[in-house]
Amino acid sequence: MKRIHLQGGTVVNSGSSVVADVLIEDGCVVAIGKNLVVEDAEAIDCAGRYVMPGGVDVHTHLDAPMMNTKTADDFASGTRAAAVGGTTTIVDFALQAKGQKLEDALNGWHQKAIDKCAIDYGFHVAITDLYDGAIADIEGLVRSGVTSMKIYMAYKGAIMLDDGEMYEVLRESGRLGAKTCVHAENGDVIDRISANLVASGKTGPENHALSRPPATEVEAVNRAIAVSRIADAPIYFVHLSTGGATEAVAEAQLNGWPVAGETCTHYLTLGPDLYDLPDFEAAKAVLTPPLRDSNHQEALWRGLNNGTLGIVSSDHCPFCFVGQKDLGRHDFRAIPNGGAGIEDRMRVMYGTGVAGGRISLEQFVALTSTNPAKSFGMFPTKGFVGIGADADIIVLDPAATTHISAATQHQALDYNLWEGWTLPGAITHVFSRGELIASNGRFVGREGHGNYLARSAV
Ligand code: MN
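Please read these numbers as outputs of a predicted model, since none were measured by experiment.

## Concerning the coordination of the manganese ion
Next up, step 1: At the metal site, the manganese ion is ligated by His59 (NE2), His61 (NE2) and Asp315 (OD), and these contacts range over 2.1 to 2.2 Å.
Next up, step 2: On the primary sequence, the residues serving as donors to the manganese ion are separated as H-x1-H-x253-D. Of this pair, His61 sits in the loop between strand 6 (55-60) and strand 7 (65-66) while Asp315 is found in the loop between strand 15 (311-313) and helix 11 (345-354), placing the two residues 254 residues apart along the sequence. For the pair formed by His61 and Asp315, the shared burial category is buried.

What follows is the structure, encoded as structure tokens:
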């Protein structure tokens, strides 16, 4: 029976902070209190440091086939990178292939992940093809612990659903107590703008942002909210990037409707200047929706502060610059869409958010851990440092710093969008169910430690 005694740190949860010891036994938190007297425990001095719940990242794409290639991280490298960055739970998107049964899509993802993960993991299922009987098959997913679906309003002819199909998924998921996650962009309009740009010779990666103006997101968010009302179902927007979308979500919430939204690390901290990079390097920032200007960034930070947006995810969807982003060298439409950040999310949000004076410590915990755990059926086992919860815990030293570079990252990627950033704060210890899995930027866990999380309906 292994016991770990975290001594004298500031224990931070989403609602409060207190200086206390934390005792871990058999993978769970068993006591919290001042100056606990404990025998036969490994003691770790946490004075001057924060003891917080490990990160919960509900938006990742590991080992995922997309755009004639597949994401650069599999479940081994991706969860290793997550661990080093202080994330101890992910919920990844199992992507239904054309003609594939939903259950088979889910089983395929189980095969990719089993015995590979360094941290605990769950799945959403991304529904891309409504074969006869698909809607009836949603119930089986929910029974096996997949209590959230995803649909795309963009990428027509590939994975996009039309409004009627979106309505059906919303209605059935809502009936079952499951959540529908929506990628909200007007795919039809984007495809037309993109084709017009290419026809006029504008084929470079910088045109990606021009092809997806803010209104393509705002329109889709408003339309999806309307459809969710018709379906009488809750709706959750992934990766919101604009002030207009944030306002639409806020207005729906004022009406008392079950509408929620997340944004991502990169929309808060990176701007469209990356599309000015020369020599095709702008392709590194070809992710969807695109990076927006500072007005949108400020609106997103406000949305986090006033509670409109409750979750910050990574949308980790990595493609290497050499050999993958390359596929679109002659046509930006063929550049695999996606950025990375499973390793960077917690450190960037602490460094820019908390140390940068934009959010409190407790808000940091809420946005990166507690709210995602609550919203996706994992709380209080995850997202909480409290008695009986899993000992998924990070220790963060606010006096130290973290330097981000592709040369030292664990993500299987040949670049990093935050290259060269030095941020206040460093995560010194990461525990998953009481096991130390990362220490001062080094991975010390093991493949296969992670368990599948069957999630509850919420
Ligand atoms: Mn995504």
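## A look at the layout of surface pockets
Next up, step 1: By volume, the largest pocket is sized at about 720 Å³.
Next up, step 2: If you trace the largest pocket, you find 40 residues lining it, with Met66, Met67, Tyr155, Ala158 and Ile159 closest to the centre.
Next up, step 3: Broken down by secondary-structure element, the contributors of at least two residues to the lining of the largest pocket are strand 7, helix 2 (102-113), strand 11 (148-152) and helix 5 (187-199).
Next up, step 4: Among the residues making up the lining of the largest pocket, the classes are represented as 17 nonpolar, 15 polar and eight charged.

## Some points on the pairing of strand 18 (residues 435-439)
Next up, step 1: Where strand 17 (residues 422-432) lies against strand 18, four bridges are found, and the strand directions are antiparallel. Looking at strand 18, one finds that Val430 is bridged to Ala438.
Next up, step 2: Relative to strand 19 (residues 442-443), strand 18 runs antiparallel, the two being bridged by two bridges. Opposite Ala438, over in strand 19, you have Phe443 as the bridge partner.
Next up, step 3: Taken together, strand 18 and the strand that follows it, strand 19, pair antiparallel across an intervening segment of two residues, in which Asn440 is found at a positive phi of about 50°.

## Here's the deal with the domain arrangement of the protein chain
Next up, step 1: If you check the domain split of the protein chain, you get domain 1 (3-52 + 382-443) and domain 2 (56-375).
Next up, step 2: The C-alpha-based centres of domain 1 and domain 2 are spaced at 27 Å.
Next up, step 3: Counting residues at the interface gives 41 residues for domain 1 and 51 residues for domain 2.
Next up, step 4: Carbon and sulfur atoms supply 67% of the area that domain 1 and domain 2 bury against each other, a total of about 3600 Å² over both sides.
Next up, step 5: At the surface where domain 1 touches domain 2, the tally comes to two salt bridges.
Next up, step 6: Its salt-bridge partner being Lys382, residue Asp120 comes within 2.7 Å of it at the nearest N-O pair.
Next up, step 7: Our count for the contact surface shared by domain 1 and domain 2 stands at 15 residue pairs in polar contact (both at pLDDT 80 or more).
Next up, step 8: Within the residue set of the side of domain 1 that touches domain 2, elements represented by two or more residues are strand 5 (50-53), strand 16 (393-403), strand 17, strand 18 and strand 19.
Next up, step 9: Here the side of domain 1 that touches domain 2 gets seven residues from one element, more than from any other, and that element is strand 17.
Next up, step 10: The residue makeup of the side of domain 1 that touches domain 2, split by class, is 21 nonpolar, 14 polar and six charged.

What counts as what
- Residues numbered from 1 in each chain as written.
- Predicted model: local features only at pLDDT ≥ 70, side-chain atom pairs only at ≥ 80, totals over all residues.
- Heavy atoms only, no water.
- Donors = N, O, S within 2.8 Å, 3.2 Å for Na, K, Ca; no water.
- Helix = DSSP H or I, 4+ residues; strand = E, 2+ residues; numbered from the N terminus.
- Buried < 20%, exposed > 50% of the residue type's maximum accessible area, 1.4 Å probe, protein only.
- 1 Å grid on protein atoms, 1.4 Å probe; cavity = no way out; pocket = protein on both sides within 12 Å on 5 of 7 lines; lining within 4 Å.
- Points joined across faces, edges and corners; volume = space filled by probe spheres on them.
- Nonpolar A, V, L, I, M, F, W, Y, C, P; charged D, E, K, R; others polar.
- Pairing = 2+ DSSP bridges.
- Domains from an automatic or database assignment.
- Contact = heavy atoms within 4.5 Å.
- Buried area = accessible area lost by both parts, 1.4 Å probe.
- Salt bridge = Lys/Arg side-chain N within 4 Å of Asp/Glu carboxyl O.
- Polar contact = N/O pair within 3.5 Å; in protein donor to acceptor, adjacent residues only side chain to side chain.

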